[in-house]
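# Summary of structural features
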Amino acid sequence: MNEPANAASQQPSRRQLHKFSSGGKMWFHVLRGKQGLAIDNVILRLTGFSLMTWQFTTSAGVPYKDTLLLTTKGAKTGKRRTNGLPYFEVDGEYLVIGSNGGGALNPGWSANVRANPEVLLRIKRKKVPAIGRVTTGEERAKFYERISAINPALPRYQESASKFGREVPLVVFTPIKK
């Protein structure tokens, strides 16, 4: 399922997505917006810990989730883009949920991975070159079931995204062996 043609016009505001993702506890979030993300990326690169992820997990009442830094090549611009994303380690690969707050649009980084699957991950301060893929069909169903069992937010995000005709991308990164 891809994004519907009119998805941008249906997209909830950033505030609405933030409120949904934070369980309504927006007051708890100190780091916000582009500046907050930039600060978080620096802290994550230096320490391996994401304050942004901590804010969201704490306000949602769930345990902190390890967070990686994903560096991609922009699908449209070709520029390097870096995002801090919570991940799940599954059989030696890393899975990231492209929830984008359950909104109408897929996150930009998922389009970057589709266009340029060679990426650089930084996991617990270590650089890990990898190949990314957006799962589909049976593979997606298998990962969806497995991750939903340990992350109750995934079905909630999928339910919200489905209202816009969107399937939340489940993106798997396979480390490149040297």
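In the block above lies the structure referred to throughout.
Nothing here was measured: the structure is a model prediction, and the numbers come from that model.

Cut-offs used in this document
- Residues numbered from 1 in each chain as written.
- Predicted model: local features only at pLDDT ≥ 70, side-chain atom pairs only at ≥ 80, totals over all residues.
- Heavy atoms only, no water.
- Pairing = 2+ DSSP bridges.
- Helix = DSSP H or I, 4+ residues; strand = E, 2+ residues; numbered from the N terminus.
- Axes fitted to C-alpha atoms, helices over the stretch in contact; angles between N-to-C directions.
- Contact = heavy atoms within 4.5 Å.
- Phe/Tyr/Trp six-rings, centres within 6.5 Å; stacked < 30°, edge-to-face > 60°.
- Buried < 20%, exposed > 50% of the residue type's maximum accessible area, 1.4 Å probe, protein only.
- Lys NZ or Arg CZ within 6 Å of the ring centre and 35° of its normal.
- Parallel < 35°, antiparallel > 145°, perpendicular 65-115°, else oblique.
- Nonpolar A, V, L, I, M, F, W, Y, C, P; charged D, E, K, R; others polar.
- Core = buried A, V, L, I, M, F, W, Y, C linked by side-chain atoms within 4.5 Å.
- Arc of directions from axis to C-beta.
- Salt bridge = Lys/Arg side-chain N within 4 Å of Asp/Glu carboxyl O.
- Expected span 1.5 Å × (residues − 1).

## Here we look at the sheet that holds strand 3 (residues 88-90)
Strands sit in the order 2-1-5-6-7-4-3 across an open sheet of seven strands; the sheet is antiparallel. Two strands lie at the open edges of the sheet, namely strand 2 (80-86) and strand 3, each paired on one side alone. In this sheet, adjacent strand axes meet at a mean angle of 35 degrees when their direction is disregarded. Inspection of the sheet shows strand 4 (residues 93-97) paired to strand 7 (residues 170-175) by four bridges, in the antiparallel sense. The partner of L95 across the bridge, within strand 7, is V172. Running at roughly 125 degrees to strand 3, helix 6 (residues 137-150) makes contact with strand 3, strand 4, strand 6 (126-134) and strand 7 of the sheet.

## A look at the packing of aromatic side chains
Taken as a whole, this structure holds two aromatic pairs when the rule is applied. A ring pair is formed by Y87 and Y94, whose centres lie 5.6 Å apart and whose planes are at 75 degrees; its orientation type is edge-to-face. Since its relative accessible area comes to 12%, Y94 is described here as buried. The ring of F88 carries K65 above its face, with NZ or CZ at 4.5 Å from the centroid.

## Remarks on the pairing of strand 2
As paired elements, strand 1 (residues 67-73) and strand 2 share seven bridges and run antiparallel to each other. Residue pairing for strand 2: L70 is matched across the bridge by N83.

## Some points on the packing of helix 6 against helix 7 (residues 153-162)
Contact geometry for helix 6 and helix 7: axes closest at 8 Å, N-to-C directions at 125 degrees. One way to sum up the angle between helix 6 and helix 7 is to call them oblique. Packed against helix 6, whose contacting residues are R140, Y144, I147 and S148, the element helix 7 presents L154, P155 and Q158 at the interface. By residue class, the composition of the contact of helix 6 with helix 7 is four nonpolar, two polar and one charged.

## Some remarks on the nonpolar core
Counting 16 residues, the largest nonpolar core has L68, L70, L121 and F173 as the members making the most contacts within it. Listing elements by their share of this core, those giving two or more residues are strand 1, strand 4, helix 5 (108-115), strand 5 (118-123), strand 6 and strand 7. Discounting chain neighbours no more than four positions away, the residues touching F173 are L70, E93, Y94, V96, V113, V119, L121, A130, I131 and G132. Ranked by size, the runner-up nonpolar core spans eleven residues in total, among them F88, I147, L154 and L170.

## Section: helix 7
Within helix 7, burial applies to L154, Y157, Q158, S160 and A161. The buried residues of helix 7 all sit within an arc of 165 degrees when viewed along its axis, so they share a single face.

## Let's talk about the pattern of salt bridges
Within the structure shown, the criterion is met by five salt bridges. Across the salt bridge formed by R133 and E139, the nearest N and O atoms sit 2.6 Å from each other. A salt bridge links E167 to R140, with the shortest nitrogen-to-oxygen separation between them at 3.4 Å. Highlighted residues: E167 in the loop between helix 7 and strand 7 and R140 in helix 6, separated in sequence by 27 residues. Judged by its relative accessible area of 26%, E167 falls in the partly exposed class. Residue R140 is classed as buried on the basis of its relative accessible area, which comes to 8%. Among the charged side chains, a salt-bridge network with shared partners connects E93, R133 and E139.

## Observations regarding helix 6
The terminal C-alpha atoms of helix 6 lie 21 Å apart, and with 14 residues this matches the ideal 20 Å at 1.5 Å per residue to within 8%. When we look at burial in helix 6, the residues that qualify are R140, F143, I147 and S148. Looking down the long axis of helix 6, one finds its buried residues gathered within 130 degrees of arc, a one-sided arrangement. In this structure, helix 6 carries E138, E145 and A149 as exposed residues pointing more than 90 degrees from its buried face. Elements in contact with the buried residues of helix 6: strand 3, strand 4, helix 7 and strand 7.

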